Structures are given as C-alpha cells and as structure tokens.
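Chains, contacts and geometry: an overview
What follows is the residue order along each chain.
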Amino acid sequence: MTVALMWEAKAAPGRGAELLAWARSQPLPHAPLRQDLLSAPEDRVLIITWWPAPYQTDPPELPDPPAHLTTRPVHRWRFEAVE
C-alpha cells in the first residue's frame, strides 16, 4: 500500500519565493518513496509525498510555515493509491 500526502500553502503578497525556499528546505525524518515540489499562480506551493504505508498510518508531514509567509492555514489531504 502507498499513501500520498498533499500539502498546499498560499504565500502572503510578495512572499512567494520565500515560501518556496522555506518549503524546499524542510527536512523529513526519513525519505519518502517520492517527493514532488510544485508551484502555481498566485504564489501557491504544493508538496506531494508518497509513503510505503497504509492509509491509517501517520507518516511524517511537513510543518506549517511561519505565519508571515502565508495568507491562510495550510491545506492538507491524504490519498491512498488505487491498484
């Protein structure tokens, strides 16, 4: 089984590059199977990590960024791979 964790944040005005750099620098306690870092218009940052675990487990998640970098709370989703 594989679980994918999605983490998405919207940068405060003028802070898109800082939020992206902050997200890129965040270490996880151990490496996921895969990790993708994406950006979108309006300075949104999305990170997707894949873990070899069932849906119910608690793999490591990225923390919330410093409040001054974002306009709203981080959105988080969890998905399970379908065979």
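Residues numbered from 1 in each chain as written. Predicted model: local features only at pLDDT ≥ 70, side-chain atom pairs only at ≥ 80, totals over all residues. Heavy atoms only, no water.

**Brief notes about the pairing of strand E1 (residues 3-10)**
Burial analysis of E1 places six of its eight residues in the buried class, the great majority of the element. Bridging between E1 and strand E3 (residues 44-51) involves eight bridges; their strand directions are antiparallel. Across the sheet, the residue bridging to Ala-9 is Val-45, located in E3. Examined bridge by bridge, E1 and strand E4 (residues 75-80) share six bridges and lie antiparallel to one another. Within E4, the position partnered with Leu-5 by the bridge is Arg-78. (Buried < 20%, exposed > 50% of the residue type's maximum accessible area, 1.4 Å probe, protein only. Helix = DSSP H or I, 4+ residues; strand = E, 2+ residues; numbered from the N terminus. Pairing = 2+ DSSP bridges.)

**Some words on helix H1 (residues 16-25)**
Residues of H1 that are buried include every one of Gly-16, Leu-19, Trp-22 and Ala-23, and no others. Relative to the axis of H1, the buried residues are bounded by an arc of 130° and lie together on one face. Opposite the packed face of H1, turned more than 90 degrees from it, sit the exposed residues Ala-17 and Arg-24. Looking at the buried side of H1, the elements it contacts are E1, strand E2 (34-40) and E3. (Arc of directions from axis to C-beta. Contact = heavy atoms within 4.5 Å.)

**Some points on the pattern of salt bridges**
Tallying each qualifying case throughout the model produces seven salt bridges. Here Arg-76 and Glu-61 are joined by a salt bridge, their closest N and O atoms 3.5 Å apart. Residue Arg-76 is found in strand E4, and its partner Glu-61 is found in the loop between E3 and E4; the two are separated by 15 residues along the sequence. Among the ionic pairs, Asp-64 bridges to Arg-76, the shortest N-O distance being 2.4 Å. Here Asp-64, found in the loop between E3 and E4, pairs with Arg-76, found in strand E4; they are 12 residues apart in sequence, far enough to count as distant. A residue is classified by how much of its surface remains accessible, and Asp-64, at 51% relative accessible area, is exposed. We classify Arg-76 as partly exposed; its relative accessible area is 34%. (Salt bridge = Lys/Arg side-chain N within 4 Å of Asp/Glu carboxyl O.)

What is shown is where atoms sit, not what they do.
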